[in-house]
Every structure is written in C-alpha cells, then in structure tokens.
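Structure assessment
Here is what each chain is made of, one letter per residue.
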Amino acid sequence: MKRLMLAALMVATPAAAQEAPPPKLLVAIAVDQFSADLFAQYRRHFTGGFARLQQGAVFPSGYQGHAATETCPGHSTILTGSRPSRTGIIANDWIDLRAGRTDKTVYCAEDESVPGSNSDHYTVSPLHLRVPTLGERMKAATPASRVVSVAGKDRAAVMMAGHAPDQIWWWNSDAFVSYAGRTPPAAVTKANADAKARIAQARAGMDLPAICQAHALAVPITATKTIGTGRFARTASDAKNFRISPEFDAAVLGLAADLADELKLGSGPAPDILSVGASATDYVGHTYGTQGTEMCLQLLALDRALGDFLARMDARGVPYAVVLTADHGGHDAPERIAMQGVPEAHRIDATLSPKTVGEAIAARLKLSGQLLHGSGAGDIWIDPTLTRKQHAAVLAQAVVAYTANPLVHSVFTKDQIAATPSPTSPPDSWTLIEEARAAYDAERTGDLVVALKPRITPIRDGGGSSVATHGSFWDYDRRVPILFWRLGLVPFEQPLAVETADIMPTLAALIALPVAKSEIDGRCLDLDAGPATTCPN
Ligand code: ZN
C-alpha cells in the first residue's frame with residue numbers, strides 16, 4: 001500500500017521539478033519600454049534569447065499596473081514585490097516645493113541634499129526607494145549573497161539593486177560609472193575601453209532583413225524630420241547615437257556577463273543576484289517610435305544579444321533562473337498612428353500647462369506667484385505657502401479647469417486617491433483611480449493627478465529629441481511581458497493578467513527565501529506547469 005502511494009506521488013510530480021537544482025544565480029532583465037504589444041508583434045520572429053525565454057513560463061499580460069508608467073516607478077516594482085505606493089517611486093521626477101534648494105524638481109534616483117546638486121546634475125542614490133529589493137533580502141538572510149546590477153540608465157540600475165549592492169554600474173553619456181569611490185572591476189574597465197573604441201568608429205547602417213523591410217515607411221513628423229526608415233548609421237565619436245542603438249544593449253549585456261564571470265556569481269556559499277537594465281529599446285522608442293525599421297532592427301538585435309548572454313550563462317555551469325520583463329510599455333508616434341487606422345492620436349497642446357492654468361486661476365482669485373507646478377499630465381502640485389482656504393479654492397478651480405480640457409479624461413485629487421483602497425483585483429480590471437492609488441505616496445503625490453485621454457501623446461513638439469513616449473494610465477503603457485526560464489522548466493503560457501510585483505516573491509521562492517506577504521503587494525507565481533508548485537504554501 002505504502003509503495004503504491006509513493007509510486008502515485010512520483011507520477012504526479014513532473015520529472016523536471018525533481019531534477020532541477022535550486023538556482024545559485026538569479027538573473028533579472030528589464031527591457032526598457034518593451035511593451036506586451038511589441039512582444040506580441042515580434043515573438044514569432046525571435047530566434048535568439050527571446051525564443052529561449054518563450055520556452056519557459058510565459059505571462060504575456062504582465063502589468064505595471066500603476067498610473068505612473070515611467071522608468072523609475074517601473075523598475076522599482078520588479079525586484080521589490082511592491083507597487084510604487086510602497087516603493088515611494090511615484091515618477092521619474094516629482095516636485096517638492098519645500099525642498100531646500102532652488103530646483104524643486106527631485107529626480108527619483110538622486111540625493112538632493114548633496115550641496116550643489118540639482119535635478120540635471122544630480123548625485124545618484126537609492127535614498128528615495130522606501131523598501132528593500134530581493135538582493136537586500138538575500139543579503140539579510142545570508143550575507144554571503146552578492147548583488148550585482150548593470151544598466152543603461154542609473155535609475156534602472158539603482159531601483160533593481162536597492163540600497164547596498166556589491167557592484168552597480170550604469171552608463172553616463174560615454175562610460176559605465178558607479179557611486180563615488182567604487183573601484184571598477186576589470187570587466188568594467190574592459191567594457192569602457194570597448195565602448196570607447198566602438199564609439200570612435202563610424203558605423204554604417206544595418207542591413208534590413210525582410211521582416212524589417214516591411215516596416216520601412218517614411219513618416220513626416222515636421223517639415224524637416226521623418227522617422228520610420230532609419231538603420232542606425234552613426235558618425236565617428238557620436239556617443240549619443242551609440243546609446244540610441246542596438247550597440248548599447250550589447251555593451252550592457254556583455255558587461256553583465258563579464259561581471260558574472262569575474263565575480264564568479266553563483267559559485268559562492270549562497271545564491272547571488274544579477275540585474276540587467278537594457279535601455280536601448282526605450283531610447284529607440286522615444287526617438288523613432290515603435291513601428292518603423294528602427295524598432296524592428298533594435299528588437300531583432302536585442303534578441304541576438306540576449307541569446308549570446310544566455311549562452312554565456314549556460315557555459316558557466318552554474319544553475320540559474322532568469323526573468324525578463326519591462327518597466328512600462330509604450331505608444332507609437334501619433335503621426336504614424338493617425339496614418340495607420342487610429343486618427344484620434346494627437347499630441348498635447350499648451351492648454352495643459354500648469355503655469356498657464358495657474359495664471360488664470362490667480363487672476364480670478366487675486367493671488368500672486370506660480371500656483372501650479374508640474375508637466376500638465378500626471379501629478380500637479382499647488383503652491384504650499386497658500387493658506388488652507390486659498391489652497392482649497394485653487395484646487396477646486398484647477399479640477400474644474402483640467403476636467404474641462406478636451407485632452408483630459410479624468411482628474412483626481414490627492415484626497416480622493418488617498419481614500420481609495422489599494423486594488424486587490426487583477427490589474428486588467430482596475431479603475432483609473434485604483435491605478436493612481438497604486439502610485440500614491442502621501443509625501444510625494446501631487447495635489448491633483450491628471451489622466452489624459454487615450455492615444456494622447458504628452459509631447460507637444462515631435463521635432464525635439466522625442467517623438468513618442470509612455471507614462472499614461474492606458475494599457476499600451478501598462479502591459480508588459482513577464483518571461484521566466486530555467487533549465488528543466490516545463491513550458492506553459494498563462495494569458496491572464498499578473499503583476500510585475502509578482503516577480504520578486506516568485507524568484508524568492510525558487511531559492512526558498514521567505515518573504516512576509518504583508519510586506520509586499522505581489523504574490524508568488526507558480527512556475528510548475530503541473531500539480532506541483534514552486535511557491536510556498
Ligand atoms: Zn523606461
């Protein structure tokens with residue numbers, strides 16, 4: 001009888017679940033602006049790293065559920081298990097009108113108390129992140145665990161690393177840098193020498209494979225600017241366009257693999273974690289939109305670079321698990337969207353400007369000074385030196401003015417958002433105010449939050465460096481793929497909505513690291529396709 005029951009148990013447990021040793025290295029890759037839409041559009045064309053990851057546990061409807069679909073909030077959710085309402089990272093920048101310096105804009109990954117700093121020339125810091133990352137939790141459990149973070153952007157590296165990484169390196173205009181006083185490992189010195197040599201060389205345009213030829217359509221943005229047919233040709237010494245190209249992600253992934261080798265990640269007494277921020281997709285999306293040859297070439301090249309990276313991870317002989325996701329989705333340039341079946345795509349105009357709206361309110365209420373601060377989409381802050389009565393009057397008028405604006409869908413006051421419970425339903429069912437609640441921070445959130453209508457691009461002039469962007473309340477900016485892979489994982493696809501905040505507890509479970517549910521917003525996703533589970537009870 002006993003023997004029979006044992007046999008039944010063995011049948012019920014998939015072979016893979018028995019054989020796969022626990023990972024000694026966790027690898028978390030964030031592809032900046034890699035929307036679920038881009039994943040759906042290109043997934044059948046991938047043959048490299050993305051093809052491998054599709055042979056794992058595929059969650060094509062991951063959500064950065066919150067309203068603030070920007071880089072810093074998005075990266076803050078991935079390895080903390082928490083929404084921006086807990087991480088405190090409500091935006092890339094917020095305004096603190098009580099800040100002790102002239103520049104009241106605070107960058108999410110800076111320490112604004114450093115003398116002489118401002119939001120353009122800032123001191124990179126994890127100060128504003130209110131919760132620990134997975135790496136910090138691993139180190140707290142076993143100090144021998146190492147935390148290594150590499151990214152194209154400082155905020156990506158910082159938000160995935162947390163407060164005390166062993167190694168953290170990000171790109172700063174022409175080289176990988178770190179916090180003051182950090183000595184570069186040999187891998188960083190080599191990566192910087194390689195990048196310098198590459199940038200010094202001009203680069204011919206990339207060949208267009210047939211898949212990308214189909215995207216070659218010149219789209220006029222202004223009288224002198226078109227997008228849609230670019231191939232990343234670059235003149236010598238052009239570091240800016242090196243960053244806006246597939247070369248950039250290859251450099252970041254190469255450095256990450258070299259650091260894994262040099263530091264022997266996964267070979268120590270405790271598991272290690274390596275986070276990688278691949279930022280070029282976002283730069284390409286902002287500069288050229290999402291539907292031209294540029295994004296096509298970028299994603300196919302990233303697929304190859306990811307394939308090379310995973311091959312190097314395989315060759316190390318260390319059991320590893322990898323997750324790939326994105327910090328937010330994206331939206332194409334409105335000029336091309338309007339040509340391709342969705343004529344209501346538009347750019348914003350000057351009517352949203354908080355300065356202008358505030359001046360009209362000041363005239364009516366006979367007040368002076370700048371009353372409203374912000375960009376006009378998302379958070380808007382009211383002059384904190386007003387009396388309580390003045391503040392209430394300004395708030396009421398600002399709500400009326402923004403609600404009446406034809407570009408605006410909804411306006412929420414800070415009090416309304418604060419009074420809304422944190423959403424507990426699946427993220428594809430949240431209301432807009434629940435999205436705002438998921439990005440609410442009592443100290444940092446604006447006095448009102450403006451949600452633009454769908455398909456409105458919050459960039460007035462596409463003739464500048466960005467033609468397209470993200471940041472809205474709408475699903476094209478919220479939905480991102482979440483792909484888990486490890487050796488022996490039985491592939492499955494779960495199309496229902498899950499959150500990027502689920503990633504941290506899912507990875508923690510793979511290394512048997514307990515995480516108190518009350519401390520996070522996410523939940524463990526079971527990566528076992530069958531009746532067994534990779535999650536704690
Ligand atoms: Zn981003």
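This text goes with the structure placed above it.
Let us look at the structure shown here. Computed from a predicted structure; not experimentally measured.

The helix and strand inventory of the protein stands at 21 helices and 20 strands. Expected size for 537 residues packed as a compact globule is a radius of gyration near 24 Å; at 23 Å, the protein falls within 12% of this value. Seen through its C-alpha atoms, the protein measures out along the principal axes to roughly 85 × 60 × 50 Å. For the protein, buried positions account for 58% of its 537 residues.

To continue, consider the pairing of strand β18 (residues 479-486). β18 sits mainly inside the fold: seven of its eight residues count as buried. In this sheet, β18 lies alongside strand β2 (residues 57-63) in antiparallel orientation, the contact comprising five bridges. Residue pairing in the sheet places Val-58 in a bridge with Leu-483 of β18. The pairing of strand β11 (residues 320-325) with β18 spans four bridges and is classified as antiparallel. Of the residues in β18, the one forming a bridge with Val-323 is Phe-484.

This brings us to helix α12 (residues 246-262). With 17 residues, α12 extends 24 Å from end C-alpha to end C-alpha; this agrees with the ideal 24 Å at 1.5 Å per step. Most of α12 sits inside the fold, with 13 of its 17 residues counted as buried.

Right, let's talk about the coordination of the zinc ion for a bit. Here the zinc ion is held by the protein donor atoms Asp-32 (OD), Thr-71 (OG1), Asp-327 (OD) and His-328 (NE2), which lie 2.0 to 2.1 Å from it. Taken together, the four donor atoms coordinating the zinc ion span angles of 94 to 132° at the metal, a pattern that classifies the geometry as tetrahedral. The motif formed by the donor residues of the zinc ion, counted along the single chain, is D-x38-T-x255-D-H. Remark: Thr-71 occurs in helix α5 (residues 71-78) and Asp-32 occurs in the loop between β1 (25-31) and α3 (36-42); sequence separation between them is 39 residues. Each member of the pair, Asp-32 as well as Thr-71, carries the same accessibility label: buried.

Moving on to the packing of aromatic side chains. Taken as a whole, this structure holds 15 aromatic pairs when the rule is applied. For the pair Trp-171 and Phe-242, a centre-to-centre distance of 5.5 Å together with 40° between the ring planes defines the contact as tilted. Of this pair, Trp-171 sits in strand β6 (residues 167-171) while Phe-242 sits in helix α11 (residues 239-243), placing them 71 residues apart in sequence. When sorted by exposure, Trp-171 lands in the same class as Phe-242, which is buried. Ring geometry for Tyr-320 against Trp-485: centres 5.7 Å apart, planes inclined by 45°, an arrangement best described as tilted. Residue Tyr-320 is located in strand β11, and its partner Trp-485 is located in strand β18; the two are separated by 165 residues in the primary sequence. Pair check on accessibility: Tyr-320 and Trp-485 agree, each one buried. Among the aromatic side chains, those forming a connected cluster through ring pairs are Trp-171, Phe-176, Phe-242, Phe-248 and Tyr-283. A cation over an aromatic ring shows up here: Arg-52 above the ring of Trp-485, its NZ or CZ 4.6 Å from the ring centre.

This next bit is on the environment of Pro-84. Inspection of the secondary structure assignment puts Pro-84 in helix α6 (residues 84-87). Under the relative-accessibility criterion, Pro-84 is labelled buried at 0%. Counting along the chain gives 20 residues from Pro-84 to Gln-64, while the straight-line C-alpha distance between them is 9.7 Å.

Scanning the entire structure with this criterion turns up 27 salt bridges. Close ionic contact of Arg-43 with Glu-493 constitutes a salt bridge, the shortest N to O distance being 2.9 Å. With Arg-43 in the loop between α3 and α4 (49-53) and Glu-493 in strand β19 (residues 492-493), this pair connects stretches of sequence that are 450 residues apart. Of the residues examined, Arg-43 reaches a relative accessible area of 22% and is grouped as partly exposed. Note on Glu-493: relative accessible area 40%, which makes it partly exposed. Through salt bridges that share partners, Lys-190, Asp-194, Asp-258, Asp-261, Arg-312 and Arg-316 make up one connected network.

Right, let's get into unusual backbone geometry. Phi is positive for Phe-232, close to 65°, though the residue is something other than glycine. Relative to the elements of secondary structure, Phe-232 occurs in the loop between β9 (225-227) and α11. Unusually for a residue other than glycine, Lys-366 sits at a positive phi of about 55°. By relative accessible area, which is 74% here, Lys-366 ends up exposed.

Attention now moves to the nonpolar core. In terms of nonpolar packing, the biggest core is built from 71 residues, with Ile-29, Phe-34, Leu-255, Leu-274, Phe-309 and Leu-324 touching the most fellow members. Looking at this core, the element that brings in the most residues is helix α14 (residues 293-315), giving 12 residues. Residue contacts for Phe-309: discarding those within four places in its chain leaves Val-27, Ile-29, Leu-253, Ala-256, Ala-257, Leu-274 and Val-276. Ranked by size, the runner-up nonpolar core spans 29 residues in total, among them Ile-78, Met-138, Val-147 and Leu-525.

In space, the four strands of this open sheet follow the order β13-β14-β16-β15, with antiparallel pairing throughout. With partners counted over all chains shown, the strands left at the sheet margins are β13 (372-374) and β15 (408-413), one partner each. Pairwise comparison of adjacent strand axes, ignoring direction, gives a mean angle of 25° for this sheet. Sheet topology note: the strand β14 (residues 378-382)/strand β16 (residues 448-452) ladder contains three bridges and is antiparallel.

What follows concerns the side chain of Gln-54. In this fold, Gln-54 is placed in the loop between α4 and β2. For Gln-54, a relative accessible area of 15% translates into the label buried. Beyond its immediate sequence surroundings of up to four residues, Gln-54 is in contact with Phe-39, Arg-43 and Phe-46.

We now examine the pairing of β15. Most of β15 is tucked away: five of the six residues are buried. Pairing between β15 and β16: five bridges, direction antiparallel. Counterpart to Val-408 in the pairing with β16 is Leu-452.

What counts as what
- Residues numbered from 1 in each chain as written.
- Predicted model: local features only at pLDDT ≥ 70, side-chain atom pairs only at ≥ 80, totals over all residues.
- Heavy atoms only, no water.
- Helix = DSSP H or I, 4+ residues; strand = E, 2+ residues; numbered from the N terminus.
- Rg over C-alpha atoms; globule rule 2.2 N^0.38 Å.
- Buried < 20%, exposed > 50% of the residue type's maximum accessible area, 1.4 Å probe, protein only.
- Pairing = 2+ DSSP bridges.
- Expected span 1.5 Å × (residues − 1).
- Donors = N, O, S within 2.8 Å, 3.2 Å for Na, K, Ca; no water.
- Tetrahedral: all angles 85-135°; square planar, octahedral: opposite > 155°, others 65-115°.
- Phe/Tyr/Trp six-rings, centres within 6.5 Å; stacked < 30°, edge-to-face > 60°.
- Lys NZ or Arg CZ within 6 Å of the ring centre and 35° of its normal.
- Salt bridge = Lys/Arg side-chain N within 4 Å of Asp/Glu carboxyl O.
- Core = buried A, V, L, I, M, F, W, Y, C linked by side-chain atoms within 4.5 Å.
- Contact = heavy atoms within 4.5 Å.
- Axes fitted to C-alpha atoms, helices over the stretch in contact; angles between N-to-C directions.

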